[in-house]
Protein chains: 2
Amino acid sequence: MTSALKNKPAIILVRPQMGENIGAAARAMMNFNLSDLRLVAPRDGWPNPRAIDMASGALDIMPEPQIFETLHEALADCQYALATTARRRDMVKPVFTPQGAMPELHKHSKTALVFGPERTGLENDDLALCNGFITVPTNPDFASINLGQSVLLLAYEWMRSIDGTPDQELPTGNSAPASHQELEDFFTRLEKELEAGHFFRDEGLRPTMVRNIRSSLIRATPTEQEVRTWHGIISSLIGNKTQKKA
Amino acid sequence: MTSALKNKPAIILVRPQMGENIGAAARAMMNFNLSDLRLVAPRDGWPNPRAIDMASGALDIMPEPQIFETLHEALADCQYALATTARRRDMVKPVFTPQGAMPELHKHSKTALVFGPERTGLENDDLALCNGFITVPTNPDFASINLGQSVLLLAYEWMRSIDGTPDQELPTGNSAPASHQELEDFFTRLEKELEAGHFFRDEGLRPTMVRNIRSSLIRATPTEQEVRTWHGIISSLIGNKTQKKA
């Protein structure tokens, strides 16, 4: 994860009403490594104790939010700004998904993501200042997402766009994945014991059964330790059988 | 957006403590079209008035959450379950990013996303019941995300995995994008008026300037209406000049 990219977007909250949402936005920003928070005419002024409570410490470790009178001033040093809107606006500007917006942000060195006030959203005069819009795809029958959640989703998409975590990993701790030979030795032993136990009643089906047994365990990519455990299971089951016969 | 997919994951909250988080989870689920909420041993029982307050109506329109004593019972009908964990666990199971997990969910017809209690997260006995883990990539210096936010991010990823919204659209309302000919006519007129205004002082630079003027407007993919507006701008500016001269 790269933490020092120059083009991290500013998060601009325009006329936010509830301190709780400012705090939730700050927390979400820190979760995903953004720190340039700008507030345009916050209803209850700044600082706001409810914001600090809701930020879970984020406002203590990030730079002090900048306060502006107008969106115009908040955007002064930005080259490219995208506004979040819940609904289609009658304005000819590109509309991005959150994912689709990220490559656009990476094209510029100073960018901003602009969020409107709770309930009403951004006014047309605010939208006119932005280069395009972002609409989060939601259930049309229950579309309303909260301001803090919108910031969270966009901040998450930002981190996703720079994060190098592989989509899937298999951490095996201290035990390496078993080698082909270790698995082969295990299956050879298992089949020998199954033979002794008359497991293969139909010689015609035997190749299929052997393949299926192998398949079910190999698919799990077992570790060396797990193969040792399965050896122990065979020993234990043989022992039970021997004891029962005795 | 497809809303009736059979394999929508169940959201299972294990021993959730705060009703607010259950409500936020329900709201996030409805935002992204999930509705199978299961609660394992919620601390304050069920129903929970704080959950209902925080759900912004989601709990009124989704099916009643199912309540279970154990995760084992909550998972009974599921074929594949992924547990969210904030940190590496000492267990050999695949670890997915939220995005990476979605293709796995689509392979099965009944799946579950399992979330642990606030602060402590899932216990090892819970994790042992799940097929793999999901870890949201976060800022390692400020990694803690809230239970409701975790559900929001996973529900969002689920919708993203089935949503067909193009990454970028340019809605042009009632006005179609201008045709090549309309733009050509506009630029021809503009260049003629610029010629009359002695704009092109250096004939050697003229081809470059013409190209740059065209480039800056064509890059915006203007609509027919916008080209008409630009024609009006030329007329107006010529008029000003004529008036000034008069």
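Refer to the structure printed above.
J.: Where do I start with the pattern of salt bridges in this structure?
T.: Side-chain pairs of opposite charge can arise whenever the charged atoms involved come near each other. Inspection of every chain in the model, using the stated rule, returns 30 salt bridges over all chains. For Arg 15 of chain A, the salt bridge is made with Asp 126 of chain A, and the minimal N-O distance between the two is 2.8 Å. Here Asp 126 of chain A lies in helix α6 (residues 124-127) and Arg 15 of chain A lies in the loop between β1 (10-14) and α1 (19-31), a separation of 111 residues in the sequence. Arg 15 of chain A sits in the partly exposed class, given a relative accessible area of 27%. Glu 104 of chain B serves as the salt-bridge partner of Lys 107 of chain B, at 3.0 Å between the closest nitrogen and oxygen. Its relative accessible area of 56% is what places Lys 107 of chain B among the exposed residues. The network of salt bridges with shared partners includes Asp 36, Arg 38, Asp 77 and Lys 110 of chain A.

J.: Even after reading the chapter, I still don't get the relation of the copies chain A and chain B, so can you show me in this structure?
T.: Two copies of a chain can be linked by a rotation about an axis combined with a shift along that same axis. Of the two same-sequence chains, chain A is brought onto chain B (RMSD 0.1 Å, axial shift 0.1 Å) by a rotation of 180°. Taken together, the rotation and translation relating the two chain copies correspond to the operation of a two-fold axis. Mapped onto chain B, 100% of the interface residues of chain A are again interface residues, and the two copies thus contact each other with one and the same surface.

J.: Help me understand helix α7 (residues 147-162) of chain A, please; the structure alone is not making it clear to me.
T.: The first and last C-alpha atoms of α7 of chain A sit 23 Å apart over 16 residues, in line with the 22 Å expected at 1.5 Å per residue. Sitting at the amino-terminal end of α7 of chain A is Asn 146 of chain A, which places a side-chain oxygen 2.6 Å from the backbone nitrogen of Gly 148 of chain A.

J.: Would you explain the layout of surface pockets in this entry?
T.: Taken as a whole, the second largest pocket encloses approximately 510 Å³ of empty space. Lining the second largest pocket are 15 residues, and of these Arg 219, Ala 220 and Thr 221 of chain A together with Pro 94 and Asn 131 of chain B sit closest to its centre. Its residues assigned to classes, the lining of the second largest pocket comprises six nonpolar, four polar and five charged.

J.: What is the right way to read the state of the cysteines from this model?
T.: Tallied over the full model, the rule gives zero disulfides over all chains. In this structure Cys 78 of chain A is a free cysteine whose sulfur lies 9.5 Å from that of Cys 130 of chain A, the closest cysteine sulfur available.

J.: Explain the side chain of Asp 163 of chain A here, please?
T.: Of note, Asp 163 of chain A is situated in the loop between α7 and β8 (168-169). Reaching out from Asp 163 of chain A, the side chain makes a polar contact with the side chain of Thr 165 of chain A at a distance of 2.6 Å.

J.: Even after reading the chapter, I still don't get the interface of chain A and chain B, so can you show me in this structure?
T.: Interface extent is often summarised as the accessible area lost during association of the parts. Listed per partner, the contact involves 51 residues of chain A and 51 residues of chain B. Per-residue buried area on chain A facing chain B is highest for Val 92, Phe 142 and Tyr 156 of chain A; these three make up 15% of the total on that side. On inspection of chain A and its partner chain B, the count reaches two salt bridges. Two residues, Glu 157 of chain A and Arg 160 of chain B, come together in a salt bridge whose shortest N-O distance is 3.6 Å. Summed over the shared surface of chain A and chain B, the result is 18 residue pairs in polar contact (both at pLDDT 80 or more). Mapped by element, the contributors of at least two residues to the side of chain A that touches chain B are α1, α3 (58-61), β5 (95-96), α5 (98-106), α7 and β8 of chain A. If one sorts the elements of the side of chain A that touches chain B by residue count, α7 of chain A sits on top with seven residues. Broken down by class, the residue content of the side of chain A that touches chain B amounts to 25 nonpolar, 16 polar and 10 charged.

J.: What am I meant to see in the packing of aromatic side chains here?
T.: For any pair of aromatic rings, geometry is given as the distance between the ring centres together with the angle between the planes. Overall, the coordinates contain seven aromatic pairs over all chains when judged by the stated rule. Note on Phe 199 of chain A and Phe 200 of chain A: the rings are 5.2 Å apart at their centroids and 85° apart in plane angle, and the pair reads as edge-to-face. Since its relative accessible area comes to 9%, Phe 200 of chain A is described here as buried. Where Phe 32 of chain B meets Tyr 156 of chain B, the ring centres are 5.7 Å apart and the plane angle is 70°; that geometry is what we call edge-to-face. With a gap of 124 residues between them, Phe 32 of chain B in the loop between α1 (19-31) and β2 (37-40) and Tyr 156 of chain B in helix α7 (residues 147-162) connect regions that are remote in the sequence. Overall, the relative accessible area of 0% leaves Phe 32 of chain B in the buried class. Through pairs of rings, three or more aromatic residues link up here, namely Phe 32 and Tyr 156 of chain A together with Phe 32 and Tyr 156 of chain B.

J.: Even after reading the chapter, I still don't get unusual backbone geometry, so can you show me in this structure?
T.: Most peptide bonds take the trans configuration, and most residues that are not glycine carry a negative phi. A cis geometry characterises the amide bond from Trp 46 of chain A onward to Pro 47 of chain A, with omega recorded as 0°. Residue position: Pro 47 of chain A is located in the loop between β2 (37-40) and α2 (49-54). You will see that Ala 41 of chain B, though not glycine, has its phi angle at about 45°, which is positive. Examined against the element boundaries, Ala 41 of chain B turns out to sit in the loop between β2 and α2 (49-54). At Arg 119 of chain B, a residue that is not glycine, the phi angle is positive and equals roughly 70°. Secondary-structure assignment places Arg 119 of chain B in the loop between β6 (111-115) and α6 (124-127).

J.: Any chance you could explain the sheet that holds β5 of chain A here in plain terms?
T.: Across a sheet, strands are paired by hydrogen bonds formed along the backbone, either parallel or antiparallel in direction. Reading across the sheet, the eight strands line up as β3(A)-β2(A)-β1(A)-β6(A)-β4(A)-β7(A)-β5(A)-β8(B) and stay open at both edges, with mixed pairing between neighbours. If you trace the sheet from one side to the other, it starts and ends with β3 (66-68) of chain A together with β8 (168-169) of chain B, each paired once. Where β5 of chain A and β8 of chain B come together, two bridges link them in antiparallel fashion. By the bridge assignment, Val 95 of chain A is partnered in β8 of chain B with Glu 169 of chain B. With respect to the sheet, α1 of chain A is in contact with β1 and β2 of chain A, its orientation differing from that of β2 of chain A by roughly 160°. Sheet strands touched by α7 of chain A: β1, β4 (80-84), β6 (111-115) and β7 (132-134) of chain A. Its angle to β6 of chain A, the strand with the most contacts, is close to 155°.

J.: It is not clear to me how the packing of α5 of chain A against α7 of chain A should be interpreted in this structure. Could you clarify?
T.: The relative placement of two packed helices is expressed as an angle between their axes plus a distance between the axes. Residues and elements named next belong to chain A. At a minimum axis distance of 9 Å, the contact between α5 and α7 shows a crossing angle of 60°. When the axis of α5 is compared with that of α7, the two are oblique. Both α5 and α7 take part in a crossing whose hand is right-handed. Along the contact surface, α5 presents Pro 98, Gln 99, Met 102, Leu 105 and His 106, while α7 presents Leu 154, Glu 157, Trp 158, Arg 160, Ser 161 and Ile 162.

How each quantity is defined
- Residues numbered from 1 in each chain as written.
- Chains lettered and ligands numbered in written order.
- Predicted model: local features only at pLDDT ≥ 70, side-chain atom pairs only at ≥ 80, totals over all residues.
- Heavy atoms only, no water.
- Salt bridge = Lys/Arg side-chain N within 4 Å of Asp/Glu carboxyl O.
- Helix = DSSP H or I, 4+ residues; strand = E, 2+ residues; numbered from the N terminus.
- Buried < 20%, exposed > 50% of the residue type's maximum accessible area, 1.4 Å probe, protein only.
- Least-squares fit on C-alpha atoms with pLDDT ≥ 70 in both.
- Contact = heavy atoms within 4.5 Å.
- Expected span 1.5 Å × (residues − 1).
- Polar contact = N/O pair within 3.5 Å; in protein donor to acceptor, adjacent residues only side chain to side chain.
- 1 Å grid on protein atoms, 1.4 Å probe; cavity = no way out; pocket = protein on both sides within 12 Å on 5 of 7 lines; lining within 4 Å.
- Points joined across faces, edges and corners; volume = space filled by probe spheres on them.
- Nonpolar A, V, L, I, M, F, W, Y, C, P; charged D, E, K, R; others polar.
- Disulfide = S-S within 2.5 Å.
- Buried area = accessible area lost by both parts, 1.4 Å probe.
- Phe/Tyr/Trp six-rings, centres within 6.5 Å; stacked < 30°, edge-to-face > 60°.
- Pairing = 2+ DSSP bridges.
- Axes fitted to C-alpha atoms, helices over the stretch in contact; angles between N-to-C directions.
- Parallel < 35°, antiparallel > 145°, perpendicular 65-115°, else oblique.
- Left-handed = near helix turned anticlockwise from the far one by under 90°.

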